[in-house]
Amino acid sequence: MRRRVFQLLVDNTTGVLSRISGLFSRRGYNIESITAGVTADPRFTRITIVTNGDDEILDQIEKQVAKLVDVRDIKVLKPEESVYRELAMIKVRCDDMQRQAVLANATIFRAKIVDVSQESMIIEITGNQEKIDAFLKLLDGYEILELARTGIAGLGRGIENVTYLN
Amino acid sequence: MLGADAIVKCLEEEHVSCVFGYPGVAIAPFYQSLSESTIDSVLIRTEQNAAHAASGLARATGTVGVCAVTSGPGATNVITGIATAFADSIPLVCITGQVNSNLIGSDVFQEADITGAVESFVKYSYLIKNVNDIPRIMKEAFHIASTGRKGPVLIDVPIDIQNATISHFKYPESVSLRTYKPTVKGHIVQIHKVIKELEKAKRPIICAGGGVLLADAQKELIELAEKHHLPVVSTMMGIGVMPTDHPLYYGMVGNNGKLYANRAMNESDLLIMVGARVADRAVSQPDLITGNKTLVHIDVDSAEIGKNAWAAIPLVGDCKSIFNDFLQEDFSGDHEAWIETLNGYRSSMLRERKVNPAYVDPAAFIRRLSELMDDHSIFVADVGQNQIWSCDNFHVRGGKFFTSGGMGTMGYAIPAAMGAKFAAKDRQVVALCGDGGFQMSMCELATMRQHRIPVKIIVLNNSFLGMVREYQHYTYKDNYQMVSLDGNPDLSYLSKAYGISYLRAEKMDGIDEIIREFLSGNESCLLECMIDPLDLVK
């Protein structure tokens, strides 16, 4: 089983996300995460999908996705040639006594505190998945009340593999 | 001009000859406009059969079949027909009525999210939200359905869009789909690689699938096979790529195929798969076939290559264009010994059938039928034992052989034959089904009568769902469950009720006369053949 990150450029049409996620579910492909957002050109949406499977499955995923009429471009974002980022918001239970300790950890990870209440705190952290996983591990002793992760968005490094829109 | 008029105008621009369908309020404006057109409309008796009939028309003519049904249950009923066409890559445009745009999503009367429901069975689908998009969407739909790997496209049209006024109608001359550009021409480097393998190979074989028929490349295939003495086998969907008695044709492969065809494929050292999915029924263990041979896979759909079996040489493109490229090239190979070996297999590896003389033998009957049918006739086999006997025994000469291969949809034969006959009025069209499949679509006898579509129908009657019974015979030690068709209607009365002449064959004696009488004249006829309830296809 390998993990692979695909970057898709798709027509920004009604139901395009459901067409893509539907393809994954009906053919039994895994989705670890999927993120979508409109590009600088509002006609297109960029989607980042993290998936896993053996080589044949990953090859099929690429071909089957490319076959969808709305899909303009599909690329593999190789880890060594790309930048991945994920955003996570973590609500931890912490009282006055614990607040400073959590804050210290957050500072080390360059995370931000975006909400504080008497008993809880929301931390916002951005980074690659490993960084977020490491931060969550550090919060092991605390009760995580709610966690929202966006899944990764990614871009290839440099100018060589840019798909130009016309 | 209203949206509904625009849709009809687009169908005229696409030279559509006939729409199969079933009306309802949500599609009423469309049918209103259609009545003012020269395009024929056929009122089918249940929506699933509208798609099957359109499929039969598409396969008979090589054009896009069109069906139009209403919203909600009309649309959901048509899904099986769409899925059947999708599995066999048959080009269809299905138009569904939809509730008023501003009511979508509120679960009003006869509302169904049909574009969502058919998502996995269509090449593409549209929900029209602006009446001015109609010409572009119709053009794109026909383009997508009929190019690359063909398949069904669904267009959902809310009733208010059908009734809205279109500001300016102009049917586009071309499509500008930014993303959809199927490969037609095969890559020359890959073609040369295949030629190198062909020169080297001692035991080459071509396995042709339905893609060859969809690309209308039979002539090129035969020319290529004859020029280089290449033996050919076919999948079920590929039956008819070559005349059955062509010296280089070695039958259908697969778990229901000819023993010699499978042996030929297994012993080959170079297997050229063309327009075939390498699916489980054709090749039982696709991942293992490449162990002792080089696999070349030619398909217009790149995703098919490597899906079920790893191909040493993938070749993406339209097979007619690719065959022509091969025909342009000079190369030679020596495999006369291989051909001789295969001829030996073909004459010696015949399956022995146990025939019960008290009944019609379906194998011999179908063989004889195919010999007595017109040269350019169309034969549609349903699904079940009748299908396997047909594949095994029908001799294709110049005509066509249709069946629901990928989906195996019972009840396909009668509506598909009807669609084919409607489009090819001068051809003899015969549908053959079992008593199970017949009862799934016998309502269409009324359509045939109303619209004067003289299809010939054969029912092989064993009062069983034979294929499942056979499975229960082998797997569950003859514990037959849910397979007895004891309540069958008397088909002689049924024919009378529908005003169709009726013939009955109980034994093989005098079968030629019965078949001749059945085929004679351009009127519908129902021939019931009593077959041994316990007969097996293998």
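Residues numbered from 1 in each chain as written. Chains lettered and ligands numbered in written order. Predicted model: local features only at pLDDT ≥ 70, side-chain atom pairs only at ≥ 80, totals over all residues.

Undergrad: Help me understand the overall build of chain A, please; the structure alone is not making it clear to me.
TA: A tally of helices and strands in chain A yields 4 helices and 9 strands. In terms of overall dimensions, chain A has C-alpha extents of about 55 × 35 × 30 Å along its principal axes. Put simply, 74% of the contacts in chain A that link residues at least 6 apart link residues at least 24 apart. (Helix = DSSP H or I, 4+ residues; strand = E, 2+ residues; numbered from the N terminus. Contact = placed C-beta atoms within 7 Å.)

Undergrad: Would you explain the packing of helix 12 (residues 259-267) of chain B against helix 14 (residues 336-348) of chain B in this entry?
TA: Two quantities define a packed helix pair, namely the angle between the axes and the distance from one axis to the other. All names here are of chain B. Their axes nearest at 8 Å, the elements helix 12 and helix 14 cross at an angle of 155°. The orientation of helix 12 with respect to helix 14, classified from their angle, is roughly antiparallel. Crossing handedness for the pair helix 12 and helix 14: right-handed. Across the interface between the two elements, Tyr-260, Arg-263 and Ala-264 from helix 12 touch Leu-342, Tyr-345 and Arg-346 from helix 14. The residue makeup of the contact of helix 12 with helix 14, split by class, is 4 nonpolar, no polar and 2 charged. (Axes fitted to C-alpha atoms, helices over the stretch in contact; angles between N-to-C directions. Parallel < 35°, antiparallel > 145°, perpendicular 65-115°, else oblique. Left-handed = near helix turned anticlockwise from the far one by under 90°. Nonpolar A, V, L, I, M, F, W, Y, C, P; charged D, E, K, R; others polar.)

Undergrad: How should the packing of helix 3 (residues 47-61) of chain B against helix 5 (residues 79-87) of chain B be read in this particular structure?
TA: Residues and elements named next belong to chain B. Where helix 3 contacts helix 5, the two axes come as close as 6 Å, and the packing angle between them is 30°. If you check the angle between helix 3 and helix 5, you find them roughly parallel. Taken together, the residues of helix 5 that come into contact with helix 3 (itself represented by Gln-48, Asn-49, Ala-50, Ala-51, His-52 and Ser-55) are Thr-80, Gly-81, Ile-82, Thr-84 and Ala-85. A class-by-class count of the residues in the contact of helix 3 with helix 5 yields 4 nonpolar, 7 polar and no charged.

Undergrad: Explain the nonpolar core to me, please; I cannot follow it from the model alone.
TA: For soluble globular proteins, the rule of thumb is that nonpolar side chains tend to be buried together. If you look at the biggest cluster of nonpolar residues, it comprises 195 residues, and the most contacted ones within it are Ile-7, Cys-67, Ile-82, Leu-92, Val-93 and Cys-207 of chain B. The dominant element in this core, judged by the number of residues it contributes, is helix 17 (residues 413-423) of chain B, at 8 residues. Among residues more than four places away in sequence, those in contact with Val-93 of chain B are Val-64, Val-66, Ala-141, Phe-142, Ala-145, Val-153 and Ile-155 of chain B. Formed by 11 residues, the second largest nonpolar core is a distinct cluster that contains Ala-88, Ile-90, Met-121 and Phe-135 of chain A. (Core = buried A, V, L, I, M, F, W, Y, C linked by C-beta atoms within 7 Å. Buried ≥ 20, exposed ≤ 12 C-beta atoms within 10 Å, placed from the backbone.)

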